[in-house]
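# Geometric and topological summary
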Amino acid sequence: MFKKISKIAAIVSITMAAGSALAAYPEKPISVIVPFAAGGPTDVVGRTLAQAMSKPLGGSLVVENVGGAGGTIGAGKVARAPGDGYTLLFHHIGMSTAPALYRKLDFKPLDDFIPIGAVVDVPMTLIAKPQTTQTNAKELIAHIRANKDKINLANAGVGSASHLCGLLLQNAMKTDLTTVPFSGTGPAMTALLGGNVDVMCDQTTNTTGQIKGGKIKAFAVTSKGKLATFPELPPLASELPGFEVGVWHILYAPKNTPADVVNKLQGALQTAIKDPAFQSKMKELGAEIMPADRQTSAGAKSLLQAEITKWAPIIQAAKIYAD
Ligand code: ASP
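In this text the structure is predicted, and so the values were computed from the model without any measurement. (Residues numbered from 1 in each chain as written. Predicted model: local features only at pLDDT ≥ 70, side-chain atom pairs only at ≥ 80, totals over all residues. Heavy atoms only, no water.)

### Let's talk about the packing of helix α9 (residues 259-274) against helix α10 (residues 276-284)
Following both chains from N to C, one finds α9 and α10 inclined at 65°, their axes separated by 5 Å at the closest point. For the pair formed by α9 and α10, the contact residues are Ala-272, Ile-273 and Lys-274 on the first element and Pro-276, Phe-278 and Gln-279 on the second. (Axes fitted to C-alpha atoms, helices over the stretch in contact; angles between N-to-C directions. Helix = DSSP H or I, 4+ residues; strand = E, 2+ residues; numbered from the N terminus. Contact = heavy atoms within 4.5 Å.)

### Topic: the site of the ligand
As a matter of local geometry, the ligand sits amid Phe-36, Pro-41, Thr-42, His-92, Ala-156, Ser-160, Ala-161, Ser-162, Gly-184, Thr-185, Asp-202 and Gln-203. Asp-202 is positioned such that a nitrogen or oxygen atom in its side chain is 2.9 Å from a nitrogen atom of the ligand. Burial of the ligand by the protein amounts to 100% of the accessible area it has alone, namely 270 Å². Of all elements in the fold, only α2 (41-57), α6 (161-173) and β7 (199-203) reach the threshold of two or more residues within the shell around the ligand. (Near = heavy atom within 4 Å. Polar contact = N/O pair within 3.5 Å; in protein donor to acceptor, adjacent residues only side chain to side chain. Areas by Shrake-Rupley, 256 points an atom, 1.4 Å probe, with all protein chains shown as cover.)

### A look at the state of the cysteines
Under the definition given, this model contains one disulfide. Disulfide pairing is shown between Cys-165 and Cys-201; the S-S distance is 2.2 Å. Sign of the S-S torsion, about -50° for the bond between Cys-165 and Cys-201, identifies this disulfide as left-handed. Here Cys-201 lies in strand β7 and Cys-165 lies in helix α6, a separation of 36 residues in the sequence. When its relative accessible area of 0% is taken as the criterion, Cys-165 is described as buried. (Disulfide = S-S within 2.5 Å. Buried < 20%, exposed > 50% of the residue type's maximum accessible area, 1.4 Å probe, protein only.)

### Regarding the confidence of the model for the protein
Considering every residue of the protein, the mean pLDDT works out to 93; 93% of them sit at 70 or more. Counted against residues more than four places away or in other chains, residues 1-5, with its pLDDT under 50, gives zero contacts. Across residues 8-18 the pLDDT falls below 50, and counting only partners more than four positions away or on other chains, this stretch makes zero contacts in the model. (pLDDT = per-residue confidence, 0-100.)

### Focus: the pattern of salt bridges
Under the defined criterion, the tally for this structure stands at six salt bridges. Between Asp-43 and Arg-47 there is a salt bridge; the shortest N-O distance is 2.8 Å. Placement of the pair is Asp-43 and Arg-47 together in helix α2, with a separation of four residues, close to one helical turn. For Arg-47, a relative accessible area of 37% corresponds to the partly exposed category. (Salt bridge = Lys/Arg side-chain N within 4 Å of Asp/Glu carboxyl O.)

### A look at the nonpolar core
Buried together is how nonpolar side chains tend to be arranged in soluble globular proteins. Counting residues in hydrophobic clusters, the biggest one holds 81 residues, and the most contacted among them are Leu-49, Met-53, Phe-113, Leu-126, Val-245, Leu-251 and Leu-265. Setting aside residues up to four positions removed in sequence, Leu-126 forms contacts with Leu-140, Leu-169, Val-199, Met-200, Cys-201, Lys-217, Ala-218, Phe-219, Ala-220 and Leu-236. Of all hydrophobic cores here, the second largest spans 14 residues; its members include Ala-188, Ala-191, Leu-192 and Ile-216. (Core = buried A, V, L, I, M, F, W, Y, C linked by side-chain atoms within 4.5 Å.)

Structure follows, in structure tokens:
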């Protein structure tokens, strides 16, 4: 009898300890790794989300930029971090393209992470340095084709969204260009503004201010139709049929993160997305909020799975690999 009671007491106290551990989470700042340089589009959305999540979560989320190799260095770091809820990854479409692009990848997107929820989908813009004299997408494409040995394409490394967009662009134009990799499109934008690189595809979350301020030349958007933010820009598909790419973002925890921690983070993410300040910032930057069913762990995982399946054959056909 005594034995039985003490066993029950032990179970109750373990359950209470687990409950109070969750109630106490987070007990210290949470590190959110953005796998690109500071000041770029993933960084901007990651920081806005981190700030909006801190209130519902009751703790601070601190963004750390770990750029390089198209986002794979930062993602690999989080894959090897303890699953304790204190290291998270805020990444984009690159999580789905890296497995096909890299012969050696030190993480498995579907096995090494638990998606917490998808946040926004961001269209890209085709932009060029301020000195560019062409005035529309047709002229720019003709200019690139005619000067393919002189024109270079900036990107954030193999596996980045700008790399994928540039790859699709070169395929659609049947023209190979020299690419210039940066640790993120924040620094790539600085090089473009200075006229040190020629052309780039980048998310509206980095390009809206520069386009509206007349600092760079913009030619097209990569969404299927026109964007409300840039009614003057045509979809790139009007020149290169079928061209469409959107940069979705997901927040991840490393595998082995306890389910109750994931649930708590998921709830905070959903509350943060509803925050009017978050919504208006995303609207201003041309980012579209993910539907509610994608703002869940299961919905984000199915998005990641579907995108891995979508991009693998396209990348294999382009015969592009990185080591
Ligand atoms: N926009 C970048 C990309 O091309 C990454 C970044 O700096 O956020 O993937």
